[in-house]
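Spelled out from the first residue to the last, the chains are:
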Amino acid sequence: MNRIHKKLAEDKKLLSIYFTAGYPALTDTVKVLESLEESGVDMVEIGLPFSDPLADGPTIQESSTQALRNGMTTAVLFDQIKDIRKTVSIPLLIMGYFNPMLQYGVDAFCAKCQQIGIDGLIIPDLPVQEYTEHYKEIFEQYGLSNVFLITPQTSEDRINEIDSISNGFIYMVSSASTTGAKNSIGEEQQRYFDRIAGLGLKTPQIVGFGISNKETFEKATKTTKGAIIGSAFVKHLTAHGVDQIDSFIKAIR
């Protein structure tokens, strides 16, 4: 049982935060991670910036562009967080696109994640079939949970397939759009949440995309295990810097 499984077993709704590694400044990565744990966050998704994002809205795209300008790379990230388990104990996942991982070497990337203490990966553009045929054994060899995304358009057959091969949680995209903070949960989203809850999946679901404040967090977690806040947190970092992280988290909880 890795850190993700232990956290999912806790009797509480989980708050996960996404941020872009190397943003606002290149050297902020570790400070952000440490501050998030101190503020009571349950899990963190470390965004590995990529020059050609597919699912990111403008806020995260801009933070990724700035992080790349700052000098963030896969190798730099691994060097920055090589000792992270000396100060941070909550589950950590790397979220990013497959191309940088492929360039680094999938086996080498996963081995480095295990060495550092990364618990899982979220790779939006890695197809399920490609994962199961070519990479599942590698991920499992290094004890990494691979987190798949589902959307309101994902078929029930595909959802059940993802449920059957998942070993962490399912990332439940709240709407058919790119990332971005929303101020409310609409009726259509609520019907989607209720529909997924009715499927009786074995894998816990955590909602992402469009979660931005206490209201959206609480609505999104009525039928799910937790929710992920990304764009709203990155906006907060942009406006207030890394010294005001606690105030953002306290407003959600």
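Summarised in this report is the structure supplied together with it. (Residues numbered from 1 in each chain as written. Predicted model: local features only at pLDDT ≥ 70, side-chain atom pairs only at ≥ 80, totals over all residues. Heavy atoms only, no water.)

## Notes on the sheet that holds strand β1 (residues 14-20)
Put simply, the rule reads: Here a strand pair is declared whenever DSSP counts at least two bridges between the two strands. In this text, helices come from DSSP runs of H or I with a minimum length of four residues, and strands from runs of E with a minimum of two, each type numbered from the N-terminal end.
Overall, parallel pairing links the 9 strands, which are arranged β5-β4-β3-β2-β1-β9-β8-β7-β6 in an open sheet. The strands lining the two open edges of the sheet, one partner per strand, are β5 (145-147) and β6 (149-150). Relative to β5, strand β4 (residues 120-122) is paired through 3 bridges, and the arrangement is parallel. Looking across to β5, one finds that Ile122 is bridged to Val147.

## Details of the packing of aromatic side chains
Applied cut-off: When the centres of two rings from Phe, Tyr and Trp lie within 6.5 Å, Trp using its six-membered ring, the rings pair. Their planes under 30 degrees apart give stacked, over 60 give edge-to-face, and anything left gives tilted. Throughout this description, buried means an accessible area under 20% of the type-specific maximum (1.4 Å probe, protein chains only), exposed means over 50%, and partly exposed covers the range between.
Taken as a whole, this structure holds 10 aromatic pairs when the rule is applied. A ring pair is formed by Tyr192 and Phe193, whose centres lie 5.8 Å apart and whose planes are at 40°; its orientation type is tilted. Classification of Tyr192 by relative accessible area gives buried; the value is 3%. Look at Phe193 and you get buried, because its relative accessible area is 0%.

## A few points about the packing of helix α7 (residues 128-141) against helix α8 (residues 156-165)
Stated precisely, the cut-off is as follows: Axis definition: a line fitted to C-alpha atoms, over the contacting stretch in the case of helices. Angles run 0 to 180 degrees between N-to-C directions. Here the angle decides the label: under 35 degrees means roughly parallel, over 145 means roughly antiparallel, 65 to 115 means roughly perpendicular, and every other value means oblique. If you view the pair so one helix is near and one far, a crossing is left-handed when the near helix is turned anticlockwise from the far one by less than a right angle, and right-handed when it is turned clockwise. Here a residue-residue contact requires only that any non-hydrogen atoms of the pair lie within 4.5 Å.
Remark: α7 packs on α8, axes separated minimally by 11 Å, with the N-to-C direction vectors making an angle of 25°. Classified by the interaxial angle, the pair formed by α7 and α8 is roughly parallel. For the element pair α7 and α8, the recorded crossing hand is left-handed. Taking contact as the criterion, the partners of Val128, Tyr131, Thr132 and Lys136 in α7 are, on α8, Arg158, Glu161, Ile162 and Ile165.

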